[in-house]
Amino acid sequence: GGADAIPAGKVVNGYRIERLLGCGGMAVVYQATQLSLSRPVALKTLPRHLAANPAFVARFNREAGALASLSHPNIIGIIDRGSEGDLYYFVMEFVDGTDLQAQIAKARPAPGEAVRIATQVLSALEYAHKRGVIHRDIKPGNIMLTSDGAVKVTDFGIAHLAGGQGTAIGLTMAGAQMGTVNYMAPEQRVDAGKVDARADLYAAGVVLYEMLTGQLPLGAFEPASAVNSAVDPRLDAVILKALKRDPEARWKSASEMAAALAPLAGAAPPPHEPRAAAPAMAACPFCKSENRADAKFCLNCGKTLHETCPKCSKPMRAQSKFCDSCGTNVSEWAAQAKAEAERRFAAAGRLEKEGKLAEALAELAAVLAAEGKELDGLRAKAKEQRDRVQAAKDAQDNAFRGGQTLYDAKDYERAIAAWEKLPAGLPHVKDGIAEARKKIEARDRAVADADAAFAAGRWDDAMAAFERAAALVANPAPLKPKMDAVRAKVGEARYAAAAQKAGQATDPAAAIAAWNEALKWKPGDAAATEGLRRAEGQKRQSDRGAFAAKGDQASGAGRKREAVEAWERALALCGPEDAALRGELEGKLRSAKAALAAERQKLVVIGAIGGGVLLFLALAVAILVAIVGKGCDGSSSGSGGGGGGGGGTAPAPAGPTVYSTPESLFDAFKAAIAAGDFDKAYDMNSRQAKAQVTRAAFEQQVKQTFQPWNPGGLNAGHMRRTNSQTYGDTAEVYWQYPVEGQYFDSPQPSVMIREDGGWKFQ
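Please read these numbers as outputs of a predicted model, since none were measured by experiment. (Residues numbered from 1 in each chain as written. Predicted model: local features only at pLDDT ≥ 70, side-chain atom pairs only at ≥ 80, totals over all residues. Heavy atoms only, no water.)

Asks: Which residues make up the overall build of the protein, and what values do they have?
Replies: Secondary structure assignment for the protein yields 24 helices and 20 strands. Within the protein, buried positions represent 42% of all 762 residues. Of the contacts made within the protein by residues no fewer than 6 positions apart, 52% connect residues no fewer than 24 positions apart. About 38700 Å² of surface is accessible on the protein, with carbon and sulfur atoms providing 53% of the total. (Helix = DSSP H or I, 4+ residues; strand = E, 2+ residues; numbered from the N terminus. Buried < 20%, exposed > 50% of the residue type's maximum accessible area, 1.4 Å probe, protein only. Contact = heavy atoms within 4.5 Å. Areas by Shrake-Rupley, 256 points an atom, 1.4 Å probe, with all protein chains shown as cover.)

Asks: Outline the environment of F698, listing residues and values.
Replies: Residue placement: F698 occurs in helix α24 (residues 695-706). Taking C-alpha positions, F698 is 9.3 Å from A681, a pair spaced 17 residues apart along the chain.

Asks: Before we move on, could you go through the nonpolar core and cite the residues and values that matter?
Replies: Core analysis: the biggest nonpolar cluster contains 65 residues, and L122 and M211 have the highest contact counts within it. Top contributing element to this core by residue count: helix α6 (residues 197-213), with 11 residues. The residues touching M211, leaving out its near neighbours within four places in the chain, are L100, I104, R108, P109, A114, I117 and A118. One finds L665, A672, I673 and V702 within the second-largest nonpolar core, a separate group that totals 21 residues. (Core = buried A, V, L, I, M, F, W, Y, C linked by side-chain atoms within 4.5 Å.)

Asks: Kindly report on the pairing of strand β5 (residues 78-84), identifying the contributing residues and their values.
Replies: As defined by bridge partners, β5 adjoins strand β6 (residues 87-93) across 6 bridges and the pair is classed as antiparallel. In the strand pairing of β6, G82 is matched with Y89. Connecting β5 to the antiparallel partner β6 that follows it, the hairpin turn spans 2 residues, and G85 within it adopts a positive phi of roughly 65°. (Pairing = 2+ DSSP bridges.)

Asks: Lay out the packing of helix α11 (residues 357-369) against helix α12 (residues 376-408) in plain terms, naming residues and giving numbers.
Replies: At a minimum axis distance of 9 Å, the contact between α11 and α12 shows a crossing angle of 155°. Judged by the inter-axis angle, α11 sits roughly antiparallel to α12. Judged by the twist between their axes, the crossing of α11 over α12 is left-handed. Across the interface between the two elements, L357, A358, A360, L361, L364, V367 and L368 from α11 touch L378, R379, A382, K383, Q385, R386, V389, Q390, A392, K393 and Q396 from α12. (Axes fitted to C-alpha atoms, helices over the stretch in contact; angles between N-to-C directions. Parallel < 35°, antiparallel > 145°, perpendicular 65-115°, else oblique. Left-handed = near helix turned anticlockwise from the far one by under 90°.)

Asks: Run through the pattern of salt bridges, naming residues and quoting values.
Replies: In the structure shown here, the tally under the stated rule is 48 salt bridges. A salt bridge links E18 to R16; the shortest N-O distance between them is 2.9 Å. Since its relative accessible area comes to 30%, E18 is described here as partly exposed. The class for R16 is partly exposed, based on a relative accessible area of 32%. The partner of R344 in a salt bridge is E363, and the shortest N-O contact between them spans 3.0 Å. Of this pair, R344 sits in helix α10 (residues 330-354) while E363 sits in helix α11; the two residues are 19 residues apart in sequence, bridging distant segments of the chain. Taking the relative accessible area as the measure of exposure, R344 reaches 25% and is therefore partly exposed. Taken together, the shared-partner salt bridges in this structure form one network comprising E340, R343, R344 and E363. (Salt bridge = Lys/Arg side-chain N within 4 Å of Asp/Glu carboxyl O.)

Asks: So, the sheet that holds strand β9 (residues 151-153): which residues are in play, and what are the values?
Replies: If you trace the 3 strands from one edge of the open sheet to the other, you get β7-β8-β9, paired in antiparallel fashion. At either margin of the open sheet sits one strand with a lone partner, and together these are β7 (97-99) and β9. With direction set aside, neighbouring strand axes in the sheet form an average angle of 30°. Two strands pair when backbone bridges link them, and β7 and strand β8 (residues 143-146) are joined in this way by 3 bridges, in the antiparallel orientation. Paired with G97 across the strands is T146, a residue of β8. Here helix α3 (residues 111-130) sits on the sheet and contacts β8 and β9; the angle it forms with β9, its principal contact strand, is near 40°.

Asks: So, the sheet that holds strand β2 (residues 15-23): which residues are in play, and what are the values?
Replies: Here 6 strands make up an open sheet; going across it, the order is β1-β2-β3-β4-β6-β5 and the pairing antiparallel. Of all strands in the sheet, those with a lone pairing partner are β1 (11-12) and β5, marking the two edges. Relative to strand β3 (residues 28-34), β2 runs antiparallel, the two being bridged by 7 bridges. The residue bridging C23 from the neighbouring strand is V28, located in β3.

Asks: Before we move on, could you go through helix α9 (residues 254-261) and cite the residues and values that matter?
Replies: By the burial criterion, the buried members of α9 are A254, M257, A258 and L261. Taken down its axis, α9 places every buried residue within 100° of arc, on the same side. Buried residues along α9 sit against α3, α6 and α8 (234-242). (Arc of directions from axis to C-beta.)

Asks: Mind laying out helix α16 (residues 480-504), listing which residues take part and the relevant values?
Replies: For α16, built from 25 residues, the straight-helix expectation of 36 Å at 1.5 Å per residue is met to within 8% by its first-to-last C-alpha distance of 36 Å. Buried residues belonging to α16 abut α14 (427-456), α15 (459-470), α17 (508-521) and α18 (526-556). (Expected span 1.5 Å × (residues − 1).)

Asks: Account for the packing of aromatic side chains, with residues named and values stated.
Replies: Enumeration over the complete set of coordinates arrives at 8 aromatic pairs. Ring centres of Y209 and F221 lie 5.3 Å apart, and the angle between their planes is 75°; on these two criteria the pair is classed as edge-to-face. Of this pair, Y209 sits in helix α6 while F221 sits in the loop between α6 and α7 (224-227); the two residues are 12 residues apart in sequence, bridging distant segments of the chain. On the basis of relative accessible area, Y209 is assigned to the buried category, the value being 1%. Both rings, one in Y407 and one in W419, keep their centres 6.0 Å apart while their planes meet at 35°; by these two values the pair is tilted. Highlighted residues: Y407 in helix α12 and W419 in helix α13 (residues 412-420), separated in sequence by 12 residues. In terms of burial, Y407 and W419 fall into one category: buried. (Phe/Tyr/Trp six-rings, centres within 6.5 Å; stacked < 30°, edge-to-face > 60°.)

Asks: Can you break down the environment of L573 residue by residue, with the values?
Replies: Position of L573 among the secondary structure elements: in the loop between α19 (560-572) and α20 (579-601). When the C-alpha positions of L573 and G537 are compared, they lie 9.8 Å apart, and in sequence the two are 36 residues distant. Ignoring anything within four residues of it in the chain, the contact list for L573 reads R540, D543, R544 and F547.

Asks: Before we move on, could you go through unusual backbone geometry and cite the residues and values that matter?
Replies: The backbone of R136 sits at a positive phi, close to 75°, despite the residue not being glycine. Mapped onto the elements, R136 comes out in the loop between α3 and β8. One non-glycine residue with positive phi stands out, namely D756, at about 55°. Its place among the elements puts D756 in the loop between β19 (750-755) and β20 (758-761). A relative accessible area of 55% means that D756 is categorised as exposed.

Next comes the structure, spelled out in structure tokens:
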């Protein structure tokens, strides 16, 4: 929004802005109309400040094609991408529906529906992952639900495309985060640049847990079935595996996770609620007088005739034993509801003592939702207990996050100590402790392997083991002395191998690579520096001779432009000691460039058409932009109906050809000129164009344009169509022409308009 907002009605490269759909930190989304197809689309603009970053522009052009190649029923397709000034945008298909975030806020999906949605999201991820595209920002806000129930995932790769803008080059750097933090895998919070497809599976697990419980799996969370009794307990194992801290312990692919969900997709329909038709008249339960069944008060005694059913909350006859709507025995149900509320209240107390605070909160919520005045006292106690349990759970979650922070900092012993203070029965606590102990075992094993290899003089093995150990400790400083010693030993061996390889190399390029390798292990070494200097000099001399010879060969074959390019590259490789060769090359270049300039001057032909003047560059400038058509030199050509006249004894023409696309018109004109069919070519003009030039003048101008450059006859085959653009009833076709074997863009396109149901040259 703000000053950068695009106003409604503005056209951006063929897309007319209709209205603003939404704003976010990464993009602004508009509903727009694609004018060429008259269809609605979504146009997502990226922040304007990115255009000032050359690295972003390079990444945008490189990666947008990969994103646009994604074509899957559960992925919102990218139709187009482009830029206008400092505005970069994607054009996506327009989805009539809502996003999953809004749906969860409105009404949480039933378990079966949640599994169906998750399965379609996983299908989209499997397709993208096989094509090397990682989403990095799976969350409910990026999952669309169409009006007919389909699931569409949006914003594939866009977070990666615009990520890391705080860095010097604007690309993803180590330590950068991309995505929404509550849905990020642990490794993504540390370094977004190194995540793989398993980070998307972690986020998919978070989304499924949220759909089933209405909560995020933060801190010491309970299984979904403990929070929502309608959830199949088998779903807990699927979710917990997706949420493993170690990526190696998660599902290996989206298809594997989807296969685990497939048997759990069924959901039973809600039970039918029978309704008994109310009688037209009913007796008052107090004075027995007859009243209308829908009357609220007795017309005889004035007492109320209706009360609310404690089960279904619908009106029922006062003093009735059974509810008219659901058939419940009201007094028995009230007694059962009270007993159930008391049971849940007791269960909440037991769960609180066991440390299962989320389950306790679920029981207390059920008590607070129970209806009936007889439960007022119990609800008051439940509210007091809920506040106490919620405070305890917040403290428990903070304690778990404290251990998680220590784990992320590789302080595994302190992380275990923090987690061991929490209730041992929580699955995420047990999982975290087990993973921390694995890290400690791996660290200690790496240190032992490194010490053994160091003692045995196996320097490469020692270096690899020390690097594994350093990656698993919060402070690698104690390992640094031995690592430096090992690195020095490895460097000496690799320097010697590289120097030997350089000395034996017969190719200057191989010698350069070997000396650079040697200098990597012994920076500033005098012998390696001198060897590199000699090898570079030899390669420069070899390349210079090759380019000079290539230029001489091209010149002898008449390929002047190729000769100029080769000689210029040879000249750039000349040093101060090559003065004679430099002078020789400069002389050759002056002669070749002068010859090229003289030839270009022959390519300009000026042709006057009608009352205007068109510039024709032979094989180059705008080919007959306003004078291509079929014979219409003033005589009648007949167009149906009687009368007509003209044309002598010639048979009536069959009617003009209708060209359905600008491209077919352009190609047909080329074919007509090549065949010498000037009548057909002339009729491709619009009525306005034919009013400005006669049929005879048209043929003369065509011959003057083509024949000087085609001694064997007319030939329009040199015109090579490149691309076209359509704006409503107007189109532009761009093309190229050859000069000395190279093609150059025409200075202006051929302009066409719609007329008589087809396309004509304007």
